[in-house]
Structure formats: C-alpha cells, structure tokens
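# Observations on the three-dimensional arrangement
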Amino acid sequence: MSALNHANQVAVMSLWGIMPSPLILGGNPTKLSGDTWTTALLTNPEVLAINQDSSGTHSKRLSSSNNTQVWSRDLTGGGKAVALFNLGTATATVSVTFSQLGVTGTPAVRDVWQRTDVTGMTSGLSASVIAGSAVMYLLSPPGSTGTGGSTGAGGS
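These numbers come from a predicted model, not from an experiment. (Residues numbered from 1 in each chain as written. Predicted model: local features only at pLDDT ≥ 70, side-chain atom pairs only at ≥ 80, totals over all residues. Heavy atoms only, no water.)

## Observations concerning the side chain of Asn-86
Position of Asn-86 among the secondary structure elements: in strand E3 (residues 80–86). Residues in contact with Asn-86, not counting those within four places in the same chain, are Asn-67, Thr-91, Ala-92, Val-129, Ile-130, Ala-131, Gly-132 and Ser-133. (Helix = DSSP H or I, 4+ residues; strand = E, 2+ residues; numbered from the N terminus. Contact = heavy atoms within 4.5 Å.)

## What about the nonpolar core?
Ranked by internal contacts, the top residues of the largest apolar core, which has 17 residues, are Ile-18, Phe-85, Val-112, Trp-113 and Met-136. Of all the secondary-structure elements, those providing two or more residues to this core are helix H1 (6–18), helix H3 (45–51), E3 and strand E8 (134–140). Broken down by element, this core gets its largest block of residues, four residues, from H1. If we ignore the near neighbours within four places in the chain, the residues touching Met-136 are Ser-14, Ile-18, Val-47, Val-82, Ala-83, Arg-110, Asp-111, Val-112 and Trp-113. Core analysis: the second largest hydrophobic core is formed by 16 residues, Leu-84, Val-94, Val-103 and Met-121 among them. (Core = buried A, V, L, I, M, F, W, Y, C linked by side-chain atoms within 4.5 Å. Buried < 20%, exposed > 50% of the residue type's maximum accessible area, 1.4 Å probe, protein only.)

## So, H1
Turn by turn, an α-helix covers 3.6 residues, leaving residues three or four places apart pointing in a common direction. Counted at 1.5 Å a residue, the expected span for H1 with its 13 residues is 18 Å, and the 18 Å between its end C-alpha atoms agrees. For H1, the full list of buried residues reads Ala-7, Gln-9, Val-10, Ala-11, Met-13, Ser-14, Gly-17 and Ile-18. Taken together, the buried residues of H1 touch helix H2 (36–43), H3, strand E2 (68–74), E3 and E8. Capping the start of H1 is the job of one residue whose side-chain oxygen sits 3.1 Å from the backbone nitrogen of Ala-7: Asn-5. (Expected span 1.5 Å × (residues − 1). Polar contact = N/O pair within 3.5 Å; in protein donor to acceptor, adjacent residues only side chain to side chain.)

## Describing the pairing of E2
With six of its seven residues buried, E2 lies for the most part within the structure. Sheet topology places strand E1 (residues 60–65) next to E2; five bridges connect them, and they run antiparallel. Each bridged residue has a counterpart across the sheet, and for Lys-60 the counterpart in E2 is Ser-72. Here E2 folds back onto E3 in antiparallel fashion, the turn holding five residues, of which Gly-77 has a positive phi close to 80°. (Pairing = 2+ DSSP bridges.)

## Some remarks on the sheet that holds E3
Reading across the sheet, the six strands line up as E1-E2-E3-E8-E5-E6 and stay open at both edges, with antiparallel pairing between neighbours. The open sheet has two edge strands, E1 and strand E6 (116–118), and neither has a second partner. Taking each pair of neighbouring strands and ignoring which way they run, the sheet shows an average axis angle of 25°. H1 contacts E2, E3 and E8 of the sheet and is inclined by roughly 150° relative to E3. (Axes fitted to C-alpha atoms, helices over the stretch in contact; angles between N-to-C directions.)

## What to know about the pairing of E3
Burial within E3 is extensive, with seven of its seven residues counted as buried. Side-chain alternation along E3 places Lys-80, Val-82, Leu-84 and Asn-86 on one buried face and Ala-81, Ala-83 and Phe-85 on a second face that is also buried. Relative to E3, E2 is paired through seven bridges, and the arrangement is antiparallel. Counterpart to Gln-69 in the pairing with E3 is Phe-85.

## Quick notes on the layout of surface pockets
Of the voids in this model, the largest pocket is the one considered here, and its volume is about 800 Å³. Lining of the largest pocket is provided by 23 residues; of these, Ser-2, Gln-9, Leu-25, Thr-38 and Leu-42 occupy positions nearest its centre. At the level of elements, H1 and H2 are the ones that each hand at least two residues to the lining of the largest pocket. The element that contributes the greatest number of residues to the lining of the largest pocket is H1, accounting for five residues. Looking at the lining of the largest pocket residue by residue, the class counts come to 14 nonpolar, seven polar and two charged. The computed volume of the second largest pocket comes to approximately 290 Å³. Lining the second largest pocket are 16 residues; nearest its centre among them are Val-10, Trp-37, Leu-41, Trp-113 and Gln-114. (1 Å grid on protein atoms, 1.4 Å probe; cavity = no way out; pocket = protein on both sides within 12 Å on 5 of 7 lines; lining within 4 Å. Points joined across faces, edges and corners; volume = space filled by probe spheres on them. Nonpolar A, V, L, I, M, F, W, Y, C, P; charged D, E, K, R; others polar.)

Everything listed is a geometric property; what it means functionally is a separate question.
The structure is reproduced here in structure tokens:
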C-alpha cells in the first residue's frame, strides 16, 4: 500500500530513474505478486537502464516554471534521458526544445513508460502531463540503433 496515487508513483520513479540514484524498495516484495501495475512500474527495463547507465552522469534540472519542470541526463553513446514533470493539480503541457537540451538534428524519441517510439517531435518534446505525474523520454542520436541505456534494453 502507498499513500501515493499511480500518477505520483510514476513521478517519483521518473525522478529516481533519471538520477543515478540507488533504487530501494521500502516494502515487502512478496506482497506484490497480485499487483501487476506496481511490479511493472518497479521493473520497467528502460527506466532501469537509464538509472543504471554506465556513464554515471548526474541529471540536471533545465527549467522550472509554474508547476512544471524539465530534467535531463546525458547517457552513454550520446543518448539523453529527459523527464517532464507536472507538480500541479491540473493537467499541464510541458515542453522543451532540442536546442535547450543541447541536441542537434532530430533524434529518435522513445517514451520509456509507454515503451513506444514517438514520431512527429522534430524540434523538441511536448507532452500533456497529468497532475502530479511525469513522462520520460529517451533521445537517441540520429542514425543510431538501439534504445540506449547501459544494457541496451529495448521495449516490447
């Protein structure tokens, strides 16, 4: 049981995921056998690959405006993890340009929570983020293969 709703849990795991922070479960894992949502949250291979990326670089908060924040982290192989947070009480659009991220060209974009490739983001990232939640993307350099992270973990 958690006092946090699902949106809040995604935000917390996104923040811990984008940082090279130790991931510690403060609960009884044997109680998760029937909770497929929480198990999927805690074992998402793409989020874990970002967290465990061998570069060891720290994430940076690029912007904080009203109730939204943008964080990014450079990854091994030229990739970049980007998390868009909505700390407010209503859905908000959170955006960042590739230029603000220090990215040239049009990278491949992957939504690591949905485990899907994203098309149509040619100049930056923009997402409608529900209250108290986050979305997280993996940007891979143009022409690269794989979905990044130290383990090369891909989606299904």
